[in-house]
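So the chains spell out like this:
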Amino acid sequence: MREANTREIRGFVIHPAHLDKAAQTALMEDVAAIWRAAPPVRQMTRWGKPMSVAMSAAGALGWTTDGRGYRYEPKQHDGRPWPPMPRRLEELWRQVTGLDATPDSCLINLYRDTARMGLHQDKDEADFGWPVVSISLGDAALFRIGGARRSDATESLWLHSGDVVVMGGPARLAFHGIDRIRPNSSDLVPGGGRVNLTLRMAGAAV
Ligand SMILES: O=C(O)CCC(=O)C(=O)O
Ligand SMILES: [Fe+2]
């Protein structure tokens, strides 16, 4: 679905305020339930430093980083499987992508205070033909987008609670990152901060 105010920047399709306040609150409750079964963890990068973002996941696969590098895993660090993907996220994926498929991974990033995510490409998934759908909840965040090469020029935009971004086509392998959040700009996330959900097809092509 394309709302009237949908806009596209370098292949990133942005749906501002796609989720209204009630939908944001319901989704935040889903996230809180996932966190009870899979608490957010500040994982170690392969360089041995903890990430500033605390991560969790739902669905068949979650994302892991440790001394061995970056990859998707069917289990948490403690051996438990990831909690199931909330049904409303499967529906949201279909709605914004128009694809009749079910994502096998929802990564959940928690940004408190000064947390950020450096410029990167999402390329640990098996098939880049599938888009990545990103949902913002809570504090506003400065999203930086670039091109296919790290050295390409970048531009930045603020993402707000309820915004949804589809990264597909030319944007699928584009560099992107979060420079900073604007603390206390929303009271949606218990304890403050920002939550970002990314719906992905991480495993083999369906
Ligand atoms: O927090 C965001 O909006 C982006 C997150 C991201 O790029 C990722 O999880 O790969
Ligand atoms: Fe990313």
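Residues numbered from 1 in each chain as written. Chains lettered and ligands numbered in written order. Predicted model: local features only at pLDDT ≥ 70, side-chain atom pairs only at ≥ 80, totals over all residues.

**Looking at unusual backbone geometry**
Next up, step 1: Although it is not a glycine, Ala17 sits at a positive phi angle of roughly 50 degrees.
Next up, step 2: Turning to its location among the elements, Ala17 is positioned in the loop between strand S2 (12–15) and helix H1 (21–37).
Next up, step 3: The exposure class of Ala17 is partly exposed, given the 14 C-beta atoms found within 10 Å.
Next up, step 4: Its identity as a non-glycine residue notwithstanding, Asn184 has a phi of 65 degrees, on the positive side.
Next up, step 5: Considering the arrangement of structural elements, one finds Asn184 in the loop between strand S12 (176–181) and strand S13 (194–200). (Helix = DSSP H or I, 4+ residues; strand = E, 2+ residues; numbered from the N terminus. Buried ≥ 20, exposed ≤ 12 C-beta atoms within 10 Å, placed from the backbone.)

**Focus: the pairing of strand S8 (residues 132–138)**
Strand residues, when the strand is regular, have side chains that alternate between the two faces of the sheet.
Next up, step 1: Of all the seven residues making up S8, seven are buried; the element is thus mostly covered by neighbouring parts of the structure.
Next up, step 2: Sheet topology note: the S8/strand S11 (residues 164–167) ladder contains four bridges and is antiparallel. Pairing of Val133 across the sheet is with Val166, part of S11.
Next up, step 3: Summarising the sheet, S8 and S13 pair through six bridges and their orientation is antiparallel. Residue pairing across strands places Ser134 opposite Thr198, the latter belonging to S13. (Pairing = 2+ DSSP bridges.)

**A word on the site of ligand 1**
Next up, step 1: Lining the immediate environment of ligand 1, one finds Leu107, Asn109, Met117, Asp122, Ser134, Ala141, Phe143, His176, Ile178, Asn196 and Thr198.
Next up, step 2: Mapped onto the shell around ligand 1, the elements with two or more residues apiece are strand S6 (105–111), strand S9 (141–145), S12 and S13. (Near = placed C-beta within 6 Å.)

**A word on the sheet that holds S12**
Next up, step 1: Read across the sheet, four strands follow the order S7-S12-S9-S10 without closing on themselves; strand pairing throughout is antiparallel. Each edge of the sheet is formed by a strand with only one pairing partner; in this case those strands are strand S7 (117–120) and strand S10 (155–159). The mean angle between the axes of side-by-side strands here comes to 25 degrees, regardless of whether they run parallel or antiparallel.
Next up, step 2: Here S7 pairs with S12 via two bridges, running antiparallel. (Axes fitted to C-alpha atoms, helices over the stretch in contact; angles between N-to-C directions.)

**Brief notes about the UniProt feature "domain: Fe2OG dioxygenase" (unreviewed entry) in the chain**
Next up, step 1: Under the UniProt annotation, "domain: Fe2OG dioxygenase" (unreviewed entry) lies at residues 102–203.
Next up, step 2: In residues 102–203, helix accounts for 0% and strand for 44%; the two terminal C-alpha atoms are 11 Å from one another. (UniProt positions renumbered as here; feature names shortened; annotations may be inferred.)

**Remarks on the environment of Glu125**
Next up, step 1: Mapped onto the fold, Glu125 is located in the loop between S7 and S8.
Next up, step 2: The exposure class of Glu125 is buried, given the 21 C-beta atoms found within 10 Å.
Next up, step 3: The sequence separation of Glu125 and Leu157 amounts to 32 residues, and the corresponding C-alpha distance is 25 Å.
Next up, step 4: Ignoring any residue separated from it by four or fewer positions in sequence, one finds Glu125 in contact with Arg200, Met201 and Ala202. (Contact = placed C-beta atoms within 7 Å.)

**What to know about the sheet that holds S2**
Next up, step 1: With antiparallel pairing, the seven strands of this open sheet are ordered in space as S1-S2-S11-S8-S13-S6-S3. Since the sheet does not close on itself, it has two edges, and those belong to strand S1 (7–9) and strand S3 (54–59), each with one partner. Strand-to-strand twist of the sheet, defined as the mean angle between neighbouring strand axes without regard to direction, takes the value 20 degrees.

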